[in-house]
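This is what each chain is made of:
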Amino acid sequence: MAVIHRTTIKPTKLELLTTWLPTRPWYRDGAGEPQLAKAGGFRLDDPEGEVGIEFMVVTDTSGPEPTTYLVPMTYRGAPLDGAEHALVGTMEHGVLGQRWVYDGFHDQVLNTELLALIEGRVRAQAQSTTDTPNLDVTRSYTGEGRIATGSTTATTDNNEGTEVATPHGATLHVHRVLRPAADDSPLPPQGATGHVAGAWDLPDGTRAQGLFATLRPGPQA
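Read on for an overview of the structure.

Right, let's talk about the side chain of Thr193 for a bit. On the secondary structure map, Thr193 appears in the loop between strand S10 (171-175) and strand S11 (194-201). Ignoring any residue separated from it by four or fewer positions in sequence, one finds Thr193 in contact with Ser140, Tyr141, Thr142, Gly143, Leu215, Arg216 and Pro217.

The next thing to look at is the pattern of salt bridges. Summed over the entire model, instances satisfying the criterion amount to nine salt bridges. Here Glu54 makes a salt bridge to Lys13, at a shortest N to O gap of 2.8 Å. Taken together, the residues span a long stretch of sequence, with Glu54 in strand S3 (residues 52-60) and Lys13 in helix H1 (residues 13-20) at a distance of 41 residues. Asp103 is the salt-bridge partner of Arg176, the closest N and O atoms lying 2.9 Å from each other. Of the two residues, Arg176 is situated in the loop between S10 and S11 and Asp103 in strand S6 (residues 97-103); the sequence distance between them amounts to 73 residues.

Here we take up the packing of aromatic side chains. Considering all chains together, one arrives at seven aromatic pairs under this definition. Ring centres of Trp20 and Trp26 lie 6.1 Å apart, and the angle between their planes is 65°; this geometry places the pair in the edge-to-face category. Note on Trp20: relative accessible area 6%, which makes it buried. With centroids separated by 6.2 Å and ring planes inclined at 5°, the aromatic side chains of Phe42 and Phe212 adopt a geometry described as stacked. Of this pair, Phe42 sits in strand S2 (residues 36-44) while Phe212 sits in strand S12 (residues 207-216), and the two are 170 residues apart along the sequence. Just as Phe42 is buried, Phe212 falls in that class too. Put simply, the rings of Phe42, Phe55, Phe105, Trp200 and Phe212 touch in pairs and so form one group of aromatic residues.

Attention shifts here to the environment of Thr18. Assignment of secondary structure puts Thr18 in helix H1. C-alpha separation for the pair Thr18 and Gln35, spaced 17 residues apart in sequence, amounts to 7.4 Å. The residues touching Thr18, leaving out its near neighbours within four places in the chain, are Glu33, Pro34 and Leu36. For Thr18, the side chain forms a polar contact with the main-chain oxygen of Leu14, separated by 2.8 Å.

The subject of this paragraph is the sheet that holds S12. Spatial ordering of the open sheet is given by S7-S11-S12-S10-S9-S8, a layout of six strands whose pairing is antiparallel. Each edge of the sheet is formed by a strand with only one pairing partner; in this case those strands are strand S7 (138-141) and strand S8 (154-157). With strand direction ignored, the average angle separating the axes of adjacent strands in the sheet is 15°. Of the strand pairs in this sheet, S11 and S12 are connected by eight bridges, and their pairing is antiparallel. What sits directly across from Ala199, in S12, is Gln209.

To continue, consider the nonpolar core. The tendency in soluble globular proteins is for nonpolar side chains to be buried as a group. Grouped together as the largest cluster of nonpolar side chains are 28 residues, with contacts concentrated most on Phe42, Phe55, Leu117, Leu172, Val196 and Phe212. Only S2, S3, helix H2 (108-119), S10, S11 and S12 provide two or more residues apiece to this core. Element by element, the count of residues in this core is highest for H2, at five residues. Excluding residues within four positions of it along the chain, Leu172 makes contact with Leu114, Leu115, Ile118, Thr162, Glu163, Val164, Ala213, Thr214 and Leu215.

Scoring rules and cut-offs
Residues numbered from 1 in each chain as written. Predicted model: local features only at pLDDT ≥ 70, side-chain atom pairs only at ≥ 80, totals over all residues. Heavy atoms only, no water. Helix = DSSP H or I, 4+ residues; strand = E, 2+ residues; numbered from the N terminus. Contact = heavy atoms within 4.5 Å. Salt bridge = Lys/Arg side-chain N within 4 Å of Asp/Glu carboxyl O. Phe/Tyr/Trp six-rings, centres within 6.5 Å; stacked < 30°, edge-to-face > 60°. Buried < 20%, exposed > 50% of the residue type's maximum accessible area, 1.4 Å probe, protein only. Polar contact = N/O pair within 3.5 Å; in protein donor to acceptor, adjacent residues only side chain to side chain. Pairing = 2+ DSSP bridges. Axes fitted to C-alpha atoms, helices over the stretch in contact; angles between N-to-C directions. Core = buried A, V, L, I, M, F, W, Y, C linked by side-chain atoms within 4.5 Å.

Nothing here speaks to function; it is geometry throughout.
Given below as structure tokens:
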């Protein structure tokens, strides 16, 4: 169970993301430096209790229209070997000390727990409250067998989002730019075998729901 500490963080997560987001291929250019605000998200627990796992939703209001992004991150007490390219930055946590912040889809701990969430073997947790489920997060899985065993084989960013390949041939499509679902009913697209959806705050004070990730099967043997 992750413990949420009420303490200072320097630089803040939003300050780190202000520099990092414009380097991503799926970032929609605004008018100058991003103007970010936290809009929602959830956490997952690392069974080993070593890695913080947060799915943060942020809204950038620097452009003509607000754009909302899904930014999953992991927080570690030491650098992750071989993941220098995925480093968002470092910060000083008032309780835990120096923390290395990574783009979460390049961290196997996050990928494993996200697939377990899709299967229904773990529950999404509230972003800022210890040991409290986040009931806004929904998921489904209609495939056969477990998908969360072994390591993911590749993570690729493109103009639309991030794709994470699994050892069994399935691909996790991550929606980095979030869009509200029609009638607030985020359902997986045809052909998908699983999904995760959630809610976030809009700049006008209302709430939206939409897809965060969809799982598609690999080629049939």
